[in-house]
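# A structural walkthrough
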Amino acid sequence: MTISYNWISEYLPVTVDPERLSRILTSIGLEVESMEQYEEVKGGLAGLVIGEVLEVEKHPNADKLRLTKVNIGGAEPLHIVCGAPNVAAGQKVVVAPIGTTIYPLKGDPMTMKLAKIRSVESQGMICAEDEIGLGESHNGILVLPATLVPGTPASAYFKPAKDIIYEIGLTPNRMDAMSHWGVARDVSAYLSHHDKKDIKPRFPNANGWKNETEAGPIKVKVENEKACPRYSGICLSGVTVQASPEWLQQKLKAIGLRPLNNIVDITNFIQHETGQPLHAFDADQLRGGQVIVKNLAENTPFITLDEKERKLSADDLMICDAEGGVCIAGVFGGLHSGVSDATKNIFLESAFFDGVTIRKTSFRHGLRTDAATRFEKGTDISATVSVLKRAALLIKEIAGGEISSSITDIYPHPKAKTEVGLKYHYLKKLSGKNYHPDAVKNILTSLGFEVIKDGVDELRVAVPFHKTDISLPADLVEEILRIDGLDNVDIPDMITITPSVEEQGDKQVYKEKAAQYLTGLGFNEIMTNSITNAAYYTEEEQAGMVKMMNSLSAGLNILRPSLFETALEVVAHNLNHKNNALKLFEFGKAYAQVAPGKYTETDQLCLVISGAVTPAQWKQQSMAADFYYTKGAVEQLLRLLGISDFTTETVEVPKMDAHIVFRQNSRILAGAGEVKKQGLEKFGIKQPVFYAGLNWTVLAEAASKHTPAITEIPRYPAVQRDIAMIIPRELAWESVKQTVEGIRLSKLRDLRLFDIFESDKLGAGKKSVAVNFTFQDQEKTLTDKEIDGWMNKIMQTLEKELQAEIRK
């Protein structure tokens with residue numbers, strides 16, 4: 001929310017300096033995120049002066065240049081070379097003397113220096129309006145009224161607005177502070193409480209209002225009273241649509257709004273002043289002289305102000321005339337009913353619309369307007385008529401014309417104020433501070449609350465309609481704490497708390513353990529968007545995915561079913577920036593639709609490896625990423641989590657080559673492989689990428705069942721033996737490993753494959769593998785006889801079950 005210091009000061013009965021106002025705003029819960037100087041004209045015209053052109057002569061060395069003498073109130077006139085075609089003697093102009101910095105609308109600031117232009121010295125510059133930020137014209141120099149006195153500062157004549165702009169961070173419940181008047185009310189309450197004075201903000205009232213008895217030419221009917229509980233309107237005739245007065249334009253510019261015309265500017269001004277959105281219709285464009293608030297049929301076409309045709313939903317609330325829609329209620333106007341330069345008669349709307357309805361429509365059509373933002377958070381239902389009067393009088397003052405009807409106010413079911421009771425002991429318990437009952441009443445009444453019951457131990461109040469978030473005693477405590485100052489909360493010497501026990505805390509411990517291990521291996525953690533592009537998937541794949549109903553863009557329209565595609569986006573981004581050696585990991589969620597309206601999300605961990613995994617050094621060459629490096633990283637990660645009873649098997653998947661899965665019994669723990677080239681081409685990736693996906697939900701559960709054990713370092717030596725054997729080429733190492741482990745030799749500590757040899761000399765479809773076995777006993781030194789017995793048993797089993805040929 002943007003707040004102007006000059007604007008809000010108009011509603012405060014006392015002067016508050018900008019720094020103190022900033023502290024007050026933050027103290028009452030309206031955190032000031034930034035506080036910046038604003039200048040309507042950058043530089044504030046500093047150093048520029050009014051000058052009088054005394055003489056104009058032709059430049060001796062240039063046909064389009066002129067030599068001028070300009071009086072700026074000094075002892076001697078300035079000699080200035082000017083290229084403007086309209087410069088003439090006797091003119092009053094804006095001059096930038098030497099040393100002055102000017103700020104053009106386009107381009108960088110320039111500081112005037114003594115310069116020679118075609119061999120003639122120039123002591124400054126006679127300015128066009130675009131060269132000093134006053135306008136866009138560059139047709140010639142700016143010529144001013146002849147009555148001006150040379151030497152007068154330009155800032156004294158033009159009086160460019162200066163202000164201080166606050167950006168305050170509003171929480172979603174603070175709709176009452178979405179206006180200058182609302183913020184002024186809170187600041188006045190703070191000042192009243194702390195300065196011990198009765199300080200009330202100056203309300204922008206409708207003084208001079210006269211009730212009209214005649215019904216207007218526009219008849220109003222509300223068909224959907226649930227979506228529009230209150231609708232007010234009034235007619236004005238004979239208005240003149242033109243540019244707004246300077247004061248109004250300056251206010252809007254200061255808060256970042258672009259002035260359009262006096263009618264539209266007044267509705268914007270009122271919205272930011274009071275928080276109540278208004279809409280002005282060209283009354284002559286309302287067919288049949290009717291305004292009907294209703295819903296239209298599904299897919300009804302409607303052209304909005306931005307000249308785009310939109311298909312309406314049956315749930316969209318519309319403002320219609322006798323023949324069709326003219327405005328999306330509370331969101332955006334229609335193309336043909338808005339105010340134009342030719343408008344003479346207007347119908348001014350001030351309504352209260354249901355916030356949920358407006359929010360859904362706003363998101364459905366991608367129209368996030370200031371009005372929709374206010375309606376969705378809730379506006380003051382009691383203020384529609386008072387704001388309408390204020391706006392009508394302002395239009396009459398600025399745009400002329402007459403108020404040509406009485407106010408139409410359709411409010412069939414007046415809303416009762418919410419009543420909330422607050423016990424003083426509850427206030428002390430929640431705030432930790434003793435408040436005097438009078439202080440509590442003064443704070444609440446200054447915010448608009450009405451005291452209904454003032455008991456010894458309880459205060460009961462009626463909540464004002466602008467406080468839509470107040471419904472509980474705790475809400476009243478928050479209001480009191482805010483106005484007393486959130487920075488005034490007492491901090492006790494001792495705090496007594498009951499420590500909470502985190503459920504599933506071990507899950508986070510395992511996560512940190514895995515992350516530390518991976519970073520130790522040189523991996524970098526990434527974080528990607530859970531929303532991705534449906535174009536990455538086929539229609540069949542999308543069947544079980546979670547699609548976004550209100551997507552932010554066409555490229556972000558589905559919740560990712562895995563971390564695969566978003567990780568490849570990161571790889572592509574890094575490769576495009578010449579970062580070719582990548583080892584990445586990410587913890588994230590994946591989403592799926594298991595049945596209509598039923599969704600699941602799972603925690604996942606992915607590893608992505610591409611390029612060199614070790615850099616080249618003077619003693620060794622770099623090592624490129626491959627399938628086995630990826631497989632080894634996954635295996636070590638599983639063992640780190642205490643999961644050692646896993647098996648691997650090759651499984652074909654559409655997007656991967658040489659893909660294996662890691663299982664524990666029937667559960668899949670992880671999968672790893674090389675990404676297929678077709679998949680890499682979608683992302684413009686030209687080097688191999690290896691990907692591993694781990695089901696972190698299953699891994700964390702499996703790890704939680706592991707009980708860490710400490711064993712003594714063996715005191716007796718380990719013994720190693722090797723076997724070389726010829727086996728079928730298609731036989732996987734995992735089969736060999738499982739066969740040996742199936743013998744269940746208690747002293748076998750490890751077996752590993754250390755060599756593979758393939759040659760036609762071994763026979764068709766054969767390969768030779770060499771395996772190392774490690775034996776160890778915790779109680780004694782092993783003998784050759786024992787080891788030979790175990791080795792014979794291993795060789796016999798391999799020959800029998802795998803038809804292996806042991807090489808001697």
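One structure accompanies this document, and this report is about it.

Conventions adopted
Residues numbered from 1 in each chain as written. Predicted model: local features only at pLDDT ≥ 70, side-chain atom pairs only at ≥ 80, totals over all residues. Heavy atoms only, no water. Helix = DSSP H or I, 4+ residues; strand = E, 2+ residues; numbered from the N terminus. Rg over C-alpha atoms; globule rule 2.2 N^0.38 Å. Buried < 20%, exposed > 50% of the residue type's maximum accessible area, 1.4 Å probe, protein only. Contact = heavy atoms within 4.5 Å. Areas by Shrake-Rupley, 256 points an atom, 1.4 Å probe, with all protein chains shown as cover. Lys, Arg positive; Asp, Glu negative; His and termini not counted. Charge placed at Lys NZ, Arg CZ, Asp CG, Glu CD. Expected span 1.5 Å × (residues − 1). Polar contact = N/O pair within 3.5 Å; in protein donor to acceptor, adjacent residues only side chain to side chain. Axes fitted to C-alpha atoms, helices over the stretch in contact; angles between N-to-C directions. Left-handed = near helix turned anticlockwise from the far one by under 90°. Nonpolar A, V, L, I, M, F, W, Y, C, P; charged D, E, K, R; others polar. 1 Å grid on protein atoms, 1.4 Å probe; cavity = no way out; pocket = protein on both sides within 12 Å on 5 of 7 lines; lining within 4 Å. Points joined across faces, edges and corners; volume = space filled by probe spheres on them.

A tally of regular secondary structure across the protein gives 20 helices and 44 strands. Taken against the 2.2 N^0.38 rule, which gives 28 Å for 808 residues, the C-alpha radius of gyration of the protein at 39 Å runs more than 25% over that of a compact globule. Viewed in the frame of its principal axes, the protein has a C-alpha envelope of about 120 × 90 × 65 Å. Within the protein, buried positions represent 47% of all 808 residues. Summarising the internal contacts of the protein: among those between residues at least 6 apart in sequence, 69% fall at separations of at least 24. Entry remark: accessible area of the protein is about 41800 Å², with carbon and sulfur atoms responsible for 50%. Positive and negative charge centroids in the protein, built from 91 and 104 side chains respectively, lie 3 Å apart.

With 13 residues, helix α6 (residues 262-274) should reach 18 Å at 1.5 Å per residue; the first-to-last C-alpha distance of 18 Å fits that figure. Summarising burial for α6: eleven of the 13 residues are buried, a large majority. Buried within α6 are the following residues: N262, I263, D265, I266, T267, F269, I270, Q271, H272, E273 and T274. Where α6 begins, the side chain of N261 points an oxygen toward the backbone nitrogen of I263, at a separation of 3.1 Å.

Relative orientation of the contacting elements α6 and helix α9 (residues 384-399) amounts to 145 degrees, with a least axis distance of 10 Å. As for the relative orientation of α6 and α9, their crossing is right-handed in sense. Mapping the contact onto sequence places N262, I263, I266, F269, I270, E273 and T274 in α6 and V387, R390, A391, L394, I395, I398 and A399 in α9. Across the contact of α6 with α9, the residue classes tally to ten nonpolar, two polar and two charged.

With that settled, consider empty space enclosed by the protein. Scanning all chains against the criterion turns up two cavities of 30 Å³ or more. K42, G43, G44, L45, A46, L48, T101, I102, Y103 and I132 are the residues that line the largest cavity. In this model, the second largest cavity occupies a volume close to 40 Å³. Lining of the second largest cavity is provided by K631, E635, F646, T648, E734 and K737.

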